[in-house]
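A closer look at the structure
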Amino acid sequence: ALVTRMTPAQTMEAQRLGREFKSEREYRNMAAELRPRAESGDASAQMKLGLLYYNGQGVARDYTEAARLFRQAAEQGDAYAQSNLGYMCEAGEGVPQDYQEAAKWYLKAAAQGNTRAQFFVGKLYEKGQGVPQSDVNALSFYTLAAVNGDARAMSERNRLTVWMSPDQVAEAQRRAREFKIVGK
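Residues numbered from 1 in each chain as written. Predicted model: local features only at pLDDT ≥ 70, side-chain atom pairs only at ≥ 80, totals over all residues. Heavy atoms only, no water.

Formed by 52 residues in total, the largest nonpolar core has its most connected members in Leu49, Leu52, Phe70, Leu85, Tyr106 and Phe141. Counting residues per element, this core draws most heavily on helix 8 (residues 135-147), at eight residues. Excluding its chain neighbours within four sequence positions, the residues that come into contact with Phe70 are Met47, Gly50, Leu51, Tyr54, Ala81, Asn84, Leu85 and Met88. (Core = buried A, V, L, I, M, F, W, Y, C linked by side-chain atoms within 4.5 Å. Buried < 20%, exposed > 50% of the residue type's maximum accessible area, 1.4 Å probe, protein only. Helix = DSSP H or I, 4+ residues; strand = E, 2+ residues; numbered from the N terminus. Contact = heavy atoms within 4.5 Å.)

This is the structure we're talking about:
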């Protein structure tokens with residue numbers, strides 16, 4: 001049997017995936033249930049329906065519709081929708097590629113503690129895309145995301161600190177603390 005060749009961790013992951021699996025019919029039903037709520041302005045429903053459109057689950061994949069729904073939820077303050085919209089603006093999926101718009105949405109989500117957005121803001125600062133290039137700001141956002149457990153951010157933080165001066169690292173850490181405390 002397959003389970004005898006699997007580690008306990010692999011068995012647990014397979015069981016988790018089995019619990020989370022949804023058929024295409026279940027996704028169609030979910031989309032049908034979410035649509036009226038999304039149309040009435042429910043940000044959570046807009047976010048979830050946007051994910052279904054983004055992934056093509058229960059509906060035809062439609063990045064433009066996903067971006068529209070994410071924007072509606074993002075404008076109501078949904079951090080996940082803000083992060084997703086930031087990603088779509090950065091990648092040019094469903095909307096024109098616009099790094100400044102990506103930075104705007106990532107920063108809103110990052111201010112609410114969204115770890116994924118904190119990581120991507122760090123990338124934008126490091127590359128100088130949509131924001132002025134700043135290794136200090138990049139490191140501060142990587143630090144925020146790393147503290148929240150993002151492994152990619154830990155790796156990027158460690159990579160940057162190798163060649164930055166101690167003063168730059170200290171400044172990045174100060175900015176990360178202030179961002180976290182003030183939430184700006």
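From this point, the narrative continues.
As a further point, take the confidence of the model for the chain. Mean pLDDT for the chain: 91, with 92% of residues reaching 70 or above. Mean pLDDT across the elements of the chain bottoms out in helix 1 (residues 8-20) (71) and peaks in helix 4 (residues 63-75) (98). (pLDDT = per-residue confidence, 0-100.)

Turning to helix 5 (residues 79-91), a few remarks are in order. Here helix 5 contains 13 residues, and its C-alpha end-to-end distance of 18 Å stays within 8% of the 18 Å for a straight helix at 1.5 Å per residue. Along helix 5, ten of the 13 residues are buried, which leaves the element largely enclosed by surrounding structure. What helix 5 keeps buried is the set Ala79, Ala81, Gln82, Ser83, Asn84, Leu85, Gly86, Met88, Cys89 and Glu90. Check the buried side of helix 5 and you find it contacts helix 3 (43-55), helix 4, helix 6 (99-111) and helix 7 (115-127). Taking the backbone nitrogen of Tyr80 as reference, a side-chain oxygen 3.0 Å away marks Asp78 as the first, capping residue of helix 5. (Expected span 1.5 Å × (residues − 1). Polar contact = N/O pair within 3.5 Å; in protein donor to acceptor, adjacent residues only side chain to side chain.)

Within the fold, Leu124 resides in helix 7. Note: C-alpha distance between Leu124 and Leu69 (55 residues apart in sequence) is 24 Å.

On to the environment of Leu49. Among the secondary structure elements, Leu49 is positioned in helix 3. Expressed as a C-alpha distance, the spacing of Leu49 and Tyr80, which sit 31 residues apart in the sequence, is 13 Å.

Our focus in this paragraph is helix 4. Along an α-helix, residues three or four apart share an orientation, since each turn contains 3.6 residues. In a regular helix each residue adds 1.5 Å, so 13 residues correspond to 18 Å; helix 4 covers 18 Å between its end C-alpha atoms and thus fits that length. Residues of helix 4 that are buried: Glu65, Ala66, Ala67, Leu69, Phe70, Ala73 and Ala74. The inward-facing, buried residues of helix 4 contact helix 2 (24-39), helix 3, helix 5 and helix 6. Two or three places before Thr64, at the opening of helix 4, Asp62 has a side-chain oxygen 3.1 Å from that residue's backbone nitrogen. Where helix 4 ends, the next residue or the one after it, Gly77, has phi of about 100 degrees, a positive value.

Here we come to the packing of helix 5 against helix 7. It is the contact of helix 5 with helix 7, at a shortest axis distance of 10 Å, that shows an interaxial angle of 30 degrees. Looking at the two axes, helix 5 sits roughly parallel to helix 7. Viewed along their axes, helix 5 and helix 7 form a crossing whose handedness is left-handed. For the pair formed by helix 5 and helix 7, the contact residues are Ser83, Asn84, Tyr87 and Glu90 on the first element and Arg116, Ala117, Phe120 and Leu124 on the second. Grouping the amino acids of the contact of helix 5 with helix 7 by side-chain chemistry returns four nonpolar, two polar and two charged. (Axes fitted to C-alpha atoms, helices over the stretch in contact; angles between N-to-C directions. Parallel < 35°, antiparallel > 145°, perpendicular 65-115°, else oblique. Left-handed = near helix turned anticlockwise from the far one by under 90°. Nonpolar A, V, L, I, M, F, W, Y, C, P; charged D, E, K, R; others polar.)

Bringing the pattern of salt bridges into the picture now. Counted under the stated rule, the structure contains eleven salt bridges. Between Arg159 and Glu126 there is a salt bridge, and its shortest N-O distance comes to 2.6 Å. One end of the pair, Arg159, is in helix 9 (residues 151-163); the other, Glu126, is in helix 7, with 33 residues separating them in the sequence. On the accessibility criterion, Arg159 (35% relative accessible area) is partly exposed. When its relative accessible area of 19% is taken as the criterion, Glu126 is described as buried. Arg174 is the partner of Glu171 in a salt bridge, and the nearest nitrogen-oxygen pair spans 2.5 Å. Taken together, the residues span about one helical turn, with Glu171 and Arg174 both in helix 10 (residues 166-182) at a distance of three residues. The network of salt bridges with shared partners includes Lys123, Glu126, Glu156 and Arg159. (Salt bridge = Lys/Arg side-chain N within 4 Å of Asp/Glu carboxyl O.)

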